[in-house]
Amino acid sequence: MPDFLNRAIEWIHQTQVLEQIQAVDVSGLFHNPYFLAPFICVIIYNLYRQTFTNLIIIAIGLGLWYFSGTDYVRGAVIDGQVQISKIIPLAGVGIGSIGVLVYLLFIRQD
């Protein structure tokens, strides 16, 4: 099993996935019709089917993505040192979103 994990970590570093995620152009993404048209279609389809659980999951994903790019999150690590005063709010956001997702996906099943 450790050999598999080592190969997976090596593949992630080789493909530079983390650098690509950090270099996402958000404004360019939401102005790109090849992303925006299918995204709007998914939202409209979920509204038509009245699957509000899926809409909430999409909103949580977009909210976490937005929150991870704020100055507050960027200021959590300064010069390689984790700022203790910012840990509890960050953990609260993460645990709260995981709690809502667990509730929607496993506890409240329609």
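Residues numbered from 1 in each chain as written. Predicted model: local features only at pLDDT ≥ 70, side-chain atom pairs only at ≥ 80, totals over all residues. Heavy atoms only, no water.

Novice: It is not clear to me how the pattern of salt bridges should be interpreted in this structure. Could you clarify?
Specialist: Charged atoms that come close allow side chains of opposite charge to pair. The tally for this structure, following the rule as stated, stands at 2 salt bridges. Residues R74 and D71 are paired through a salt bridge, measuring 2.9 Å at the closest nitrogen-oxygen approach. Note that R74 and D71 are positioned in helix 6 (residues 71–74) at a spacing of 3 residues, about one turn of the helix. Considered together, R74 and D71 belong to a single accessibility category, that of exposed residues. (Salt bridge = Lys/Arg side-chain N within 4 Å of Asp/Glu carboxyl O. Helix = DSSP H or I, 4+ residues; strand = E, 2+ residues; numbered from the N terminus. Buried < 20%, exposed > 50% of the residue type's maximum accessible area, 1.4 Å probe, protein only.)

Novice: So what exactly am I meant to see when it comes to the layout of surface pockets here?
Specialist: The method is simple in principle: a probe with the dimensions of a water molecule rolls over the atoms, and the space it marks as empty is what remains. The space that makes up the largest pocket amounts to roughly 180 Å³. Elements with a contribution of two residues or more to the lining of the largest pocket: helix 2 (17–22) and helix 5 (52–68). Its residues placed into classes, the lining of the largest pocket shows 4 nonpolar, 3 polar and no charged. (1 Å grid on protein atoms, 1.4 Å probe; cavity = no way out; pocket = protein on both sides within 12 Å on 5 of 7 lines; lining within 4 Å. Points joined across faces, edges and corners; volume = space filled by probe spheres on them. Nonpolar A, V, L, I, M, F, W, Y, C, P; charged D, E, K, R; others polar.)

Novice: Can you walk me through the packing of helix 5 against helix 7 (residues 87–107) in this structure?
Specialist: Packed helices, taken two at a time, are described by their axes: the angle between them and the distance between them. Remark: helix 5 packs on helix 7, axes separated minimally by 10 Å, with the N-to-C direction vectors making an angle of 165°. Overall, the two elements helix 5 and helix 7 adopt an arrangement that is roughly antiparallel. Handedness of the crossing formed by helix 5 with helix 7: left-handed. Two secondary-structure elements touch here, helix 5 through T53, I56, I57, I60, L64 and F67 and helix 7 through L90, V93, S97, V100, L101, L104 and L105. Taken together, the residues of the contact of helix 5 with helix 7 break down into 11 nonpolar, 2 polar and no charged. (Axes fitted to C-alpha atoms, helices over the stretch in contact; angles between N-to-C directions. Parallel < 35°, antiparallel > 145°, perpendicular 65-115°, else oblique. Left-handed = near helix turned anticlockwise from the far one by under 90°. Contact = heavy atoms within 4.5 Å.)

Novice: Can you walk me through the packing of aromatic side chains in this structure?
Specialist: Any pair of aromatic rings gets described here by the distance separating the centres and the angle formed by the planes. A complete count under the given rule lists 4 aromatic pairs for this structure. When the ring of F30 is compared with that of W65, the centres are 6.1 Å apart and the planes differ by 40°; the resulting orientation is tilted. Residue F30 is found in helix 3 (residues 26–31), and its partner W65 is found in helix 5; the two are separated by 35 residues along the sequence. Since its relative accessible area comes to 33%, W65 is described here as partly exposed. (Phe/Tyr/Trp six-rings, centres within 6.5 Å; stacked < 30°, edge-to-face > 60°.)

Novice: Would you explain the packing of helix 4 (residues 33–49) against helix 5 in this entry?
Specialist: Taken N-terminus to C-terminus, the directions of helix 4 and helix 5 make an angle of 145°; their axes are 8 Å apart at the nearest point. For the crossing formed where helix 4 meets helix 5, the hand is left-handed. Between helix 4 and helix 5, the contacting residues are F39, V42, I43, N46 and L47 on the first element and F52, N54, L55, I58 and L62 on the second. Each residue belonging to the contact of helix 4 with helix 5 can be placed in one class, and the counts come to 8 nonpolar, 2 polar and no charged.

Novice: Explain helix 1 (residues 2–15) here, please?
Specialist: In an α-helix, one turn spans 3.6 residues, which is why side chains three or four residues apart end up on the same side. In a regular helix each residue adds 1.5 Å, so 14 residues correspond to 20 Å; helix 1 covers 20 Å between its end C-alpha atoms and thus fits that length. Across the 14 residues that make up helix 1, only a small minority, 0, are buried. The positive-phi residue at the C-terminal boundary of helix 1 is Q16, with phi of around 60°. (Expected span 1.5 Å × (residues − 1).)

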